[in-house]
Each structure stands twice: as structure tokens, then as C-alpha cells.
Amino acid sequence: MCKVLALVGLVGLVAIGGCGGVQQRFPDDVQASLAHGELRRLETAHFILYYPAHRRPEIDRFLVRAERCAEALRTSAVIHGGAWNDKMVIAMPDAAFNNAFVLAGAQGYEHVSVIPAVATLDFATEFGLPPDPGLIACHELVHYVQFEQIAGFWHYADALFGHLYTPQLGYDPWFLEGLATHYEAKLSPGVGRPTWPIFTGMFAAGYAGHHVNGGDLSALGRLAPVGHHYLVGTMFVRFLAERYGERPLWSTIAQEARAITGWFFTGTFHDGFGVSFHQLLDQFDAWCAQTFPVRQRPAAQHAIATLGNDARYARGRDGTEAWVAGDVDVPPHLVVRDPGGGLLAELGLIGVLPPRTLVQADPLLVSGLSVTGDGREVWLTVIDLAATYQVPRLLRWRRGDRQLTEVSHALGPGATIDPTGATYYYCEVDGDRWSLAAWDVRRGTRRVLVDMTPGTYVLGAQISPDGERLVADVWDGSAFVAWVLDAATGARLAEIRGDRTPIWDASFTGDGRVMYLGVVDRRFQIFVDGHAVTDAPYAVLAARSARGTIRFLNREGWDWTLDEVATPEVALTAPVATLVTPVAPPASPITAPAAPSLTPAAPAPTPSSTLSSPSAIAPLASSAPPPAGTMPLPGGTPFAAVPPSAVATLPSAAMPPPTMPVISSDAPYSPWEHFFFPQLRSPTVVVVSTGLPHVGAVLGGGDRLGMQRWSIAGYVQPRSEVTNQLHWGGDAAYLNTMLSPWQIGATAGFVDWVDPVSTSDPKVMVAEDRRTRDASLSLARTWRGTLTAALSGIYTEDVDRPAGESRIRRRLGGPALSLAWVSGEATAYTDLRRGLVARASAGYYPHPLSSFAGDIYDTGGMLAAIMPLPWGRRHILRAELRGRSLVARDDTNLLQLGGDSGVAELWRGRSTQAEPPAFDTTRFPPNLRFVEAL
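Computed from a predicted structure; not experimentally measured. (Residues numbered from 1 in each chain as written. Predicted model: local features only at pLDDT ≥ 70, side-chain atom pairs only at ≥ 80, totals over all residues. Heavy atoms only, no water.)

Chemist: Looking at this structure, how should I read helix 2 (residues 56–76)?
Modeler: Given 3.6 residues per turn, any residue in an α-helix points the same way as the ones three and four places further on. For helix 2, with 21 residues, the first-to-last C-alpha span of 30 Å sits near the 30 Å given by 1.5 Å per residue. Leucine 63 marks the point of greatest bend in helix 2, at about 25°. Most of helix 2 is tucked away: 17 of the 21 residues are buried. (Helix = DSSP H or I, 4+ residues; strand = E, 2+ residues; numbered from the N terminus. Expected span 1.5 Å × (residues − 1). Bend = angle between axes of the 7 residues up to and from the residue. Buried < 20%, exposed > 50% of the residue type's maximum accessible area, 1.4 Å probe, protein only.)

Chemist: Any chance you could explain the packing of helix 6 (residues 173–186) against helix 8 (residues 228–244) here in plain terms?
Modeler: Describing two packed helices takes the angle between their axes plus the distance from one axis to the other. At their nearest, the axes of helix 6 and helix 8 sit 7 Å apart, and the two run at 65° to each other. Judged by the sense of rotation from one axis to the other, the crossing of helix 6 with helix 8 is right-handed. Counted together, Pro173, Trp174, Glu177, Gly178, Leu179, Thr181 and His182 of helix 6 and His229, Tyr230, Gly233, Thr234, Phe236, Val237 and Ala241 of helix 8 form the full contact between these two elements. Counted by class, the contact of helix 6 with helix 8 contains seven nonpolar, six polar and one charged residues. (Axes fitted to C-alpha atoms, helices over the stretch in contact; angles between N-to-C directions. Left-handed = near helix turned anticlockwise from the far one by under 90°. Contact = heavy atoms within 4.5 Å. Nonpolar A, V, L, I, M, F, W, Y, C, P; charged D, E, K, R; others polar.)

Chemist: Before we go on, may I ask you to explain the sheet that holds strand 30 (residues 549–556) in this structure?
Modeler: Two orientations exist for strands paired in a sheet by backbone hydrogen bonds: parallel and antiparallel. One open sheet holds the four strands; their spatial order is 8-31-30-29, and the pairing between them is antiparallel. Each end of this open sheet is capped by a strand with a single partner; those strands are strand 8 (302–308) and strand 29 (540–546). Strand-to-strand twist in this sheet, taken as the mean axis angle between neighbours without regard to direction, amounts to 25°. Across eight bridges, the pairing between strand 30 and strand 31 (residues 559–566) is antiparallel. Considered in strand 31, the bridge of arginine 551 is made with glutamate 564. Most of the contacts of helix 7 (residues 197–207) go to strand 30, to which it runs at about 60°, and overall it touches strand 29, strand 30 and strand 31. (Pairing = 2+ DSSP bridges.)

Chemist: Explanation requested: the pairing of strand 25 (residues 504–508) in the structure shown.
Modeler: A large share of strand 25 lies buried, amounting to five of its five residues. Sheet analysis places strand 25 next to strand 26 (residues 514–520), joined by three bridges and oriented antiparallel. Bridging across to strand 26, serine 507 finds its partner in methionine 515. Where strand 25 hands over to strand 26, the hairpin turn is made up of five residues, of which glycine 512 adopts a positive phi near 95°.

Chemist: Got a minute to help me understand the environment of glycine 702 in this structure?
Modeler: Within the secondary structure, glycine 702 sits in strand 34 (residues 694–702). Classification of glycine 702 by relative accessible area gives buried; the value is 0%. Put simply, glycine 702 and tyrosine 734 are 32 residues apart on the chain and 9.3 Å apart in space, counted from C-alpha to C-alpha. Filtering out sequence-adjacent residues up to four positions away, glycine 702 remains in contact with His674, Phe675, Gln679, Gln708, Arg709 and Trp710.

Chemist: Would you mind going over the environment of tryptophan 250 with me for this structure?
Modeler: Relative to the assigned elements, tryptophan 250 resides in helix 9 (residues 247–257). Spatially, the C-alpha atoms of tryptophan 250 and glycine 272 are 7.7 Å apart, while their sequence positions differ by 22 residues.

Chemist: For this particular structure, what's the right way to read the sheet that holds strand 26?
Modeler: Sheet architecture is open: four strands sit in the order 25-26-27-28, paired in antiparallel fashion. The open sheet has two edge strands, strand 25 and strand 28 (531–532), and neither has a second partner. In the sheet, strand 26 pairs with strand 27 (residues 523–528) via six bridges, with the strands oriented antiparallel. Residue pairing across strands places methionine 515 opposite valine 528, the latter belonging to strand 27.

Chemist: How should I be thinking about the packing of aromatic side chains in this particular structure?
Modeler: Ring pairs (aromatic) are described by centroid distance and by the angle formed between their planes. Using the criterion set out here, one finds 46 aromatic pairs in the structure. Taking 5.1 Å as the distance between ring centres and 40° as the angle between the ring planes, the aromatic pair formed by tyrosine 171 and phenylalanine 264 counts as tilted. Here phenylalanine 264 lies in the loop between helix 9 and helix 10 (267–273) and tyrosine 171 lies in the loop between helix 5 (152–161) and helix 6, a separation of 93 residues in the sequence. On the numbers, 5.8 Å between centres and 45° between planes, the contact of phenylalanine 239 with tryptophan 287 is tilted. Here phenylalanine 239 is found in helix 8, whereas its partner tryptophan 287 is found in helix 11 (residues 277–291), with 48 residues between them in sequence. In this structure, phenylalanine 239 and tryptophan 287 share a single accessibility class: buried. Directly above the ring of phenylalanine 127 sits arginine 193, whose terminal nitrogen or CZ lies 4.8 Å from the centroid. (Phe/Tyr/Trp six-rings, centres within 6.5 Å; stacked < 30°, edge-to-face > 60°. Lys NZ or Arg CZ within 6 Å of the ring centre and 35° of its normal.)

Chemist: Just checking my understanding: could you explain the pairing of strand 16 (residues 405–408) for this structure?
Modeler: Along any regular strand the residues' side chains alternate between the sheet's two faces. Direction of pairing for strand 15 (residues 390–398) relative to strand 16: antiparallel, over a ladder of three bridges. The residue bridging arginine 396 from the neighbouring strand is threonine 405, located in strand 16.

Chemist: What's the story with the pattern of salt bridges in this structure? I'm lost.
Modeler: Side chains bearing opposite charge may pair, as long as their charged atoms lie close to each other. Throughout the structure, instances matching the rule amount to 54 salt bridges. With its nearest N and O atoms 2.8 Å apart, the salt bridge here joins aspartate 60 to arginine 56. Of this pair, aspartate 60 and arginine 56 both sit in helix 2, four residues apart, roughly one helical turn. Here arginine 56 falls in the partly exposed class, since its relative accessible area comes to 24%. Put simply, arginine 771 and glutamate 797 hold a salt bridge, and the shortest N to O gap is 3.6 Å. One end of the pair, arginine 771, is in strand 38 (residues 765–783); the other, glutamate 797, is in strand 39 (residues 787–801), and 26 residues separate them in sequence. The residues arginine 771 and glutamate 797 share a single accessibility class, namely buried. When salt bridges that share partners are traced, they join Arg41, Glu43, Lys87, Glu110, Glu673 and Arg704 into one network. (Salt bridge = Lys/Arg side-chain N within 4 Å of Asp/Glu carboxyl O.)

Chemist: Help me understand the side chain of glutamate 67 in this model?
Modeler: By the secondary structure assignment, glutamate 67 is in helix 2. One buried charged side chain, glutamate 67, makes no salt bridge at all; its nearest oppositely charged neighbour is arginine 74, positioned 7.8 Å away. Only 2.5 Å separates the side chain of glutamate 67 from the side chain of threonine 44, close enough to count as a polar contact. Excluding residues that lie within four positions of it along the chain, glutamate 67 makes contacts with Thr44, Ala45, His46, Phe47 and Pro661. (Lys, Arg positive; Asp, Glu negative; His and termini not counted. Polar contact = N/O pair within 3.5 Å; in protein donor to acceptor, adjacent residues only side chain to side chain.)

So yeah, pure geometry; function would need other evidence.
Spelled out as C-alpha cells, the structure:
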């Protein structure tokens, strides 16, 4: 029974009470991971943290960084009171959710952040962010601290009624995400989107020579594959922090915290910055024009093809090439071309008809895209959905195949296939470290080549043309570097380290030299023999060499193009500012977190300088890499992507020494913790009567991880001119996800009321008493985001007592089963472009539970197909077939087409009647009628 509305605040903001107050809060995979396994609750000065017991060493390392970031952010905030004093609640599921988020306190649910203890997505390529829970936390905690900036009316409303609302939700997503990504880089120097050359290159390519306006900030923008609210919002906040400093940002947040409406008005920016929001946008537009000028493709760089909005690229030794791409109106697909450019295959990645190899795909989810030496096989790993959890599926295409074949789903993010196709290298994921491993294709066995220490990550690798060496992209705890490895043993031959700038996406030229992406003038360029060999306008990615040329992804406008330059001859002169770094074998895993260095060094020079040629590889030495789990500040400006003056540094007072925080408690988690505390305590109004409404209160609560959730409401209809009696009501709801991904829900409620009915005398009103009772029980789950099943039972009963007439009792109850299937591929411009939707339902209402003459069977189904039309990429056709039948032996005319809940009555143009016959609704309880909408 869902009739209770909770009034929250004098402005009339409405939150759903009753059954609306018991909703699963986390996605299925997060909820299932929390529900199963041994979970513990740990508490420090700043956090209440829930984590899997076997991850305790990782949690200790996580806390070092998270406590440091939390303290810096709390110090930066303007409002130091109210929710700011509360401890931050963090759930760390042991599942590769490959995302993180903060849910703001609202509708009786308190603030909570989800930061998974493990990830299998390469966040670094486009975001410059290693998949480290501690680094991810420094982004999410910005949201948390901002959401806790509550003052004035909403502070008192929350204190009185529970977690109702935070006015920070009034902000558009661009400000929330822009602020968080700003601190993502500031709090963890050396990482983060605001200074990552691929991310900033996407912005530069999209807006160089164009004006930026407020609409470009919207999350509804569809051109930026990383999201306009992230891309443009990040750059706008970066500009604001450069020009005005950070204090006005937090002052603006404080003004919003005091807003009575809780809505966003641009006037808060005037209060914070002293100028109007429109002026800030104009200044930002001018800053963009100066910071990101229009650049032209050099004459030596030739465009070959336009791939799409986002893409990944690979090339084999013989020149066979493959890419995965998608666009605003083109779904993700794999293209394979022979060395001469002839099309070998073009395959959609997402399946529509069962069985489905992939149910989700995107270039961002692709890793390990590579081609064998003879060009006969293409390998790639795609993060897909299993029944509940995300899994990295290893896929293979062979010449002549018309589809991809799944080879394994038990490995990790992909790296590369060796030239013979016998070994696939991948990243072995273990919490806060990714090691490099090799999988024997024929035997199905695997071995770890490079066992990384906690806090360090092998993020990918490419193999040399002869198959003897690997070059791996590595986050070593302090910087993005590359390691040259022996492909057979994993022995580290050399480390390729930039001069205070990142090294990324390293590979080999056709003649065996290492090439990589290094920074020149804040942009990634391709380096060979320590020299930049490209001058791409904005951004490059995936440089791959074969047959005397280097082909790579070049950012142009909102697309990646495939471009080509000649492979340079072997350098006859020494590379500019060559840096050769001796290395040692990986250190042993640490047992306690070390303190990161926070001392900034001198600014970096503009050119990026890195590796010697292979002939100059240094022997191993005794010097070890930085301790694992630490985050020393790389010398100078992180990534040299902004001028030194533009990089904010935290004052020493705001950045405490990163020591291990004091843990006040660590105990097993109980689903009864916090369960009985009413987190929602709100007045309610129930509008069921044509006379006076019911008034009352609703209480709601549950444990912090959503294993159990409850809601109880009680209300009363006051006495009126037509009755001197009070009429009561109440309902309760309960949700249990302890068997997640199965959800168990139950509701029950009743309400009595009186309706005033006019008589022939306009001065006389009589009372018509009414009563309703409802109860329901449901069990539901979803598989692979495709098939949803729900088994439910319902009972409803209504009694009417018209003045001077006999009582009318109507009731109906019984079980029901529903199945729903949704599959297909979508684009930003078309939503579902090719898909299949099917639904089937069946209900049984036995005579003993109803006021009808006999048993009733309710069956229905729907089948819809969506397909593109041949004359355009944005034109689609949807065809739908729907049917429903009610079978009852002694009752007729039970199914209503259209009507009050179906928009309109069914029109019959050739009917012999003047109008459709009236539908008798008095036979049905109001909460259960058989209506088919039109």
C-alpha cells in the first residue's frame, strides 16, 4: 500500500513514505557482495568503514590516504558544524563494480559512499587515475564533504525529522563532478583528470576555436564520451581555482548550504566569487581560447580514417589492424582490416538474441586489444556482466569468423597476445595491486610474471615483434612509468621514467625499439629513441608500428581519427635529456603503510624526456623503487600539464602527516546495527478522502548497508462536520536483501475514512464510511541486466458503507509471476537502436480470496523489436505486439481498455453503438483493477 506522503519542510518538498521508503539502495552486484562473505565494521576518527575481513591489510593502506584526504577537505570546507561533524560511512564491497559513488542523505537514508576494494577497469587511459581505492576515495570524499555542508533551515529540518535533504543536491552535476575531479588531482599529485594529457586533449580538440557556454556544462551533452559534466565541469572548476583560488568555491557551497529552497541559483556564485555567473562563463571562455589554441595537423602526419567518438586501436606485425569504436549514433563495434586496408570484419559487440556473448560493451571497457603476428587472430578483453557481477571476458576473432568467441572469463584486464597466438598476457588483479601474468592458450594454465607490491599496478603491456620482450605501463606508487621486461621470465630489464612527466601506452616499433607517449607542451606525443616524432595538435593514443609506419589515434574535434607517420630511422645523435633509470626486482609486499612525501619540488621543464634506445638499457642495480603504497609528489608540476603557478598546493596545516589513523573499533558487521534507529521521522499527510485528509507520522530506518529496511506510518482523519468519530490508518513495509541479488519485500496497511456526500438539501451533508486493507509479498531478481523475474502475492479488501444503504465489500487476492527481457545495443542519440523487449505475466485469483463468482486467471504478454532503418544512422523502427486475456468462468467484462489509468477509452469507429458501454468499476477493489493502458 503506497498512499503515504511525508511532508518534509515548510516548502512542501515531498518524500515517499510507506512502501516508498524501502528501496534497495545499492546496485545488485554491490548489494550482493556486501550480503555474502565475512564483513567487518571498522571505526576511526573520521570513518565508519565496512569491509571484507580478508582485505584488512588493504584497508589499512586505504585508511592512510583516505584519512589524509578527508582531513584536508574538512579543513577547506566553510561550515564546520552539523553534518560536518558526522563520521563518513564507507562501504567497500569485494566486487569489481568498476565505479564509485556517494549517496547523499535524503528520504530517511543517511550519507554513504561505496568504494569497491577491487577494480578491473583501466581508469588510467582517459582519466589518468590508477584503479587504487585510496586514490578513488580522494574523489568521492569531496562529494561526501560537500553533501555535508548543510546549514540554516535544512540543518534544523534534518535534525528534527531525520535525513531529509541536503541543499547541495540542488547543484547541477557539472559542479559536483568538477569540484571532485579538481581535488582528485590536487590531493594525489601525479594523477587525475585535470592534468592528464588525454583528458585535457579531448577538451582542447572539442573546444579549440569554439566558444564555451553554459549548455556545454550539462550532463545531457552527448558529444564527450567521458561526459560533458566531467569534461567541461572539470576544466571550468580548474579555471576558477586558478583565477580565484579555492576559497570562493567553498564559499559558494556555503551559500547553497543556507538556501531555504534547496535549489540552485547562480546568485550563489556571485556571493562566492564577487562576480556574476555569466561573467565567470565569459572569463572561462576567454581562458579556454588562450590555454587551448587552435592547432593544425602537421604535414608529415596523414589522416587515414575517422573511427568515432571513442576508440581503442591495435596493429599486428604484418600490418593487420583492428579497432573498437563507438559514436553518438553508432554502437560499439569491432573493425578488422588487412594490411592493404581491405575490410575483413565489422562486428557489433553487443548481442541482442540469446545466447548473448556480451550484454554490454564500450571502448572504455576494452583492454588487451591486440593482433597476432600473422594477422589471423584478434584478441581483446571486455568488461561484461555475468549473472550478477562484472567479469572481464577474453574474446578472440579469427579470419573467416562472423562473430567473436569467448575464450575465458576467469582472467583479468587484458594486455596483449604474443605474435604466435600461444600466450595471452593480462593483469592479475588482487585488491590494490595489479600484477602481470601470462595465460597459456593451449593448456589453459597461467603464471604470474611480475608480482607487484600493494599500491602499484601493471596497467597493460605490449610485446616486441620477436616475442622476447614486453614493455608494461606501470603506476609505481609515485608516477606513470614503463618497464621493459623479459617476456619469458618477467625479469625487469629497464625502467622508462619521464622527467617529472608521465610515460604512457608504451609499445615497440617494427624493428624492436621502444616507443611511448611522453609530454611535450602539455600534450602527449609519440617518442622513439628519446625523441618526439609527432607534433599532434591535441592528443594521441595507441601508437602501433608495422611495415615502416606508426599509426595512432589522433584527437580531432569530438572524434578519434586514425593517423600515420613514418617510423624514424635509428637516431645517430643522443636523445635530448635522456634519462636511464637503473631498477631492482620488485620489493616484498609491505605490511604497514609508509608515509608519502608531500614536499613539492621545482617546476618541470616543458619537454618530456625518457628512455634510451634499447642498446643503452642499463643493468640492474641495487636501488629499489619507491615503497609500495606511498604517493610521493613527483618533482614539479604534476604531468607538466598546467603552468606551475596554476597548480594549487595544500598548506601544510591542511595536509597532516599521513600516518596510520587510530582505529577505535573493528568488529564483525551485524545487519541489526542501526536497524531500530528511526532515520526518518516525518509528519505525513494521506489524501484518500474527498473531505479532510489524514495526518500523522512516518518512521523509517534500517541498517547502513541496506540489508534490511523498514517503514511504519500511522495517521488519523480528524472529526468533521459530517462525523464526530476519528478514522485511523497505518501501514508498514519491509525490505530484505540478505539473499541479494534476490530482493524480498513485504507491505501491509489499512486506512479508514469518511467521505462527505451531498444530499438534495445543499445545507445537509451525510457521511459515507470507507475502509481498505492491503498486503503484499514479493521476491525478485535480475540476471545479466537482461532478464528480470518477480513472484508476488497480493490481497486487497475494500468496504464501503453508503449512507442509508447496505455495506459493499470487495476483495481480491492471489499470486502472480512476471518475466521481463530487455536486450539490445544503444547509442547516445538513439537510445535502443537494435533490441528485443519481451514481457510475460500470469496471475491467479482464487474464488476463496475474492468477491467474484469464481476463479480468475490473468495472462498477458508483449513482444517488441527495435531496428535501424537503412537510410540513416539515427532513424529507428519499433514494432510492438501486445496481448492480454482474462479467463473467468462466471464473470465477464473484467478487462478495461484505456480508461482512467489508460489515457482514453478504446475508440471503435465501426461500432453499432453510439459510444462505448460504461465500464462497471464498482465490482473491483480500487487498488486492484484489470486495466490495460493504451
